[in-house]
Amino acid sequence: MIKQIVYLIRISIGVTIISLALNFFLLPHNIASAGVGAIGHLLEVHFTFNSSYTVWLINLLMLLLTYLLLDKQLFSKIFLGSLLFPVYLSFIPTNQLLLSYTASLIIGSSLFSLGVFYLYKFNSSNGGVTIPPIIIEKYFKIPSHLGLLLTNLIIVFLNFYILSPIDGLFATLSILIITFSMQLFTTIDNRLVNKKVSKNYVKD
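Here goes a summary of the coordinates provided. Residue numbering note: each chain is counted from 1, following its sequence as written. Only residues with pLDDT of 70 or above have their local features reported here, since the model is predicted, and side-chain atom pairs are shown and tallied only from 80 upward, although totals for entire chains, interfaces and linings are computed over all residues. Side-chain calculation: all heavy atoms of the structure are included, whereas hydrogens and water are not.

## Describing helix H6 (residues 132–140)
Turn by turn, an α-helix covers 3.6 residues, leaving residues three or four places apart pointing in a common direction.
Then, number 1: Taken together, the buried positions of H6 are occupied by Pro133, Ile135 and Ile136. Seen end-on, H6 carries its buried residues on one side only, within an arc spanning 160°.
Then, number 2: Buried residues along H6 sit in contact with helix H3 (51–69) and helix H7 (144–163).
Then, number 3: In this description a helix means any DSSP run of H or I spanning at least four residues, a strand means any run of E spanning at least two, and both kinds are numbered starting from the N terminus. Immediately beyond the C-terminal end of H6, within one or two residues, lies Lys141, with a positive phi of roughly 60°. Here's how the labels work: a residue is buried when its accessible area is under 20% of the maximum for its type, exposed when over 50%, partly exposed in between, all with a 1.4 Å probe on protein chains only. Working definition: the arc comes from the directions between the helix axis and the C-beta atoms, pointing outward to the latter. Only heavy atoms enter the contact rule, under which two residues are in contact if any of them lie within 4.5 Å.

## What about a nonpolar patch on the surface?
Then, number 1: Here, patches come from residues exposed beyond 30% relative accessible area and free of salt bridges, joined within 9 Å for like charges and within 5 Å for nonpolar side chains (Val, Leu, Ile, Met, Phe, Trp, Tyr). For the accessible areas, the method is Shrake-Rupley and the probe is 1.4 Å, while residue cover comes only from the protein chains on display. We count a salt bridge whenever a side-chain nitrogen from Lys or Arg sits within 4 Å of a carboxyl oxygen from Asp or Glu. A contiguous nonpolar surface patch, about 590 Å² in accessible area, is contributed by Tyr139, Phe140, Ile142, Leu146, Leu149 and Leu153.
Then, number 2: Where the nonpolar patch is concerned, the elements lending two or more residues are H6 and H7.
Then, number 3: With 3 residues, H7 is the single largest residue contributor to the nonpolar patch.
Then, number 4: Mapped onto the elements of the fold, Phe140 is located in helix H6.

## Description of the nonpolar core
Then, number 1: What we call a nonpolar core is a set of buried Ala, Val, Leu, Ile, Met, Phe, Trp, Tyr and Cys residues that are connected through their side-chain atoms within 4.5 Å. Residues Val15, Ile18, Leu22, Ala34, Phe85, Phe112 and Ile131 are the most contacted members of the largest nonpolar core, which totals 34 residues.
Then, number 2: For this core, the secondary structure elements donating two or more residues are helix H1 (2–26), helix H2 (35–47), H3, helix H4 (72–91), helix H5 (101–121) and helix H8 (165–203).
Then, number 3: If we ignore the near neighbours within four places in the chain, the residues touching Ile18 are Phe85, Phe112, Gly115, Val116, Leu119 and Asn126.
Then, number 4: Ala38, Leu42, Leu158 and Leu163 belong to the second largest nonpolar core, which has 6 residues in total.

## A word on the packing of aromatic side chains
Then, number 1: Each Phe, Tyr or Trp ring (for Trp, its six-membered ring) is paired with any other whose centre lies within 6.5 Å, and the angle between the two planes then decides the class: stacked below 30 degrees, edge-to-face above 60, tilted in between. If you walk through the whole model with that rule in mind, you get 7 aromatic pairs.
Then, number 2: Aromatic pair Phe117 and Phe185: ring centres 6.0 Å apart, planes at 40°, arrangement tilted. With Phe117 in helix H5 and Phe185 in helix H8, the pair connects residues that are 68 residues apart, well separated along the chain.
Then, number 3: Of the residues examined, Phe117 reaches a relative accessible area of 14% and is grouped as buried.
Then, number 4: Accessibility expressed as a relative area gives 21% for Phe185, which makes it partly exposed.
Then, number 5: Ring geometry for Phe157 versus Tyr161: centroids 6.2 Å apart, planes at 10°, classification stacked. On the criterion of helical spacing, the pair formed by Phe157 and Tyr161 is a turn pair, its members being 4 residues apart in helix H7.
Then, number 6: Given a relative accessible area of 55%, Tyr161 falls into the exposed group.
Then, number 7: Ring pairing ties together the aromatic residues Tyr67, Phe75 and Phe79, which thus form one cluster.
Then, number 8: Positioned above the aromatic ring of Tyr67, the side-chain terminus of Lys72 is 4.8 Å from the ring centre. The rule for a charge over a ring is simple: NZ of Lys or CZ of Arg within 6 Å of the ring centre, and within 35 degrees of the ring normal.

## Quick word on the packing of H1 against H5
Then, number 1: In this analysis, axes come from line fits to C-alpha atoms, helices being fitted only over the stretch in contact, and the angle between any two N-to-C directions falls in the range 0 to 180 degrees. Between H1 and H5, whose axes approach to 8 Å, the crossing angle comes to 165°. As summarised for this structure, H1 and H5 are arranged roughly antiparallel, according to the angle between their axes. Here the hand of the crossing between H1 and H5 comes out left-handed. Where H1 abuts H5, its residues Arg10, Ile11, Ile13, Gly14, Val15, Ile17, Ile18, Leu20, Ala21, Leu22, Phe25 and Leu26 lie against Ser104, Leu105, Ile107, Gly108, Ser109, Leu111, Phe112, Leu114, Gly115, Val116, Tyr118 and Leu119.
Then, number 2: Note that Gly is not counted as nonpolar here; it falls among the polar residues with everything else outside the nonpolar set of Ala, Val, Leu, Ile, Met, Phe, Trp, Tyr, Cys and Pro and the charged set of Asp, Glu, Lys and Arg. Across the contact of H1 with H5, the residue classes break down as 18 nonpolar, 5 polar and 1 charged. Angles are sorted into four bins: roughly parallel if under 35 degrees, roughly antiparallel if over 145, roughly perpendicular if 65 to 115, and oblique for all others. A crossing counts as left-handed when the near helix is turned anticlockwise from the far one by less than a right angle, and as right-handed when that turn is clockwise.

Coordinates in, geometry out; function isn't part of it.
Rendered as structure tokens:
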């Protein structure tokens, strides 16, 4: 029971970080680059759909596809984060924290990648666009990083089409920052883990 509560808290922290990145930094400036939250925002701008409902719909669809097409272990890993993310996204109000577009772009993109990384650390995810690349890799033998690139290209295209070419370029820049930040967090984490292992080895 205690382990389950701790796990819930950890997933909530990761989902909160992602939601803050979107609602405080990226989306108030129309920077729609980050996953399913960005898709929800773009569709709300274009069709006036409520973005929370769009995120719900996409995440539920991805959960269903994961259950049917992938393994049940992955389904259990993404289940909680996929359900909590739309709740937190709608609960945390959209509020422009910084007037600076550039600062919001950098901080929001970095914060988003930190939340995603944090969830990955505990074998979880906020669902959405992380699932199609895995399905594509399994059934079409296309590496997941290429599938993720395809997903990002779709998001960039939507920015060009729904918002403007400038917004599309900034969405591309945001995606690059997210990718770089993820690699940076992973490198730092690996070094910390290796350092900890080395210390334990010396003690033994």
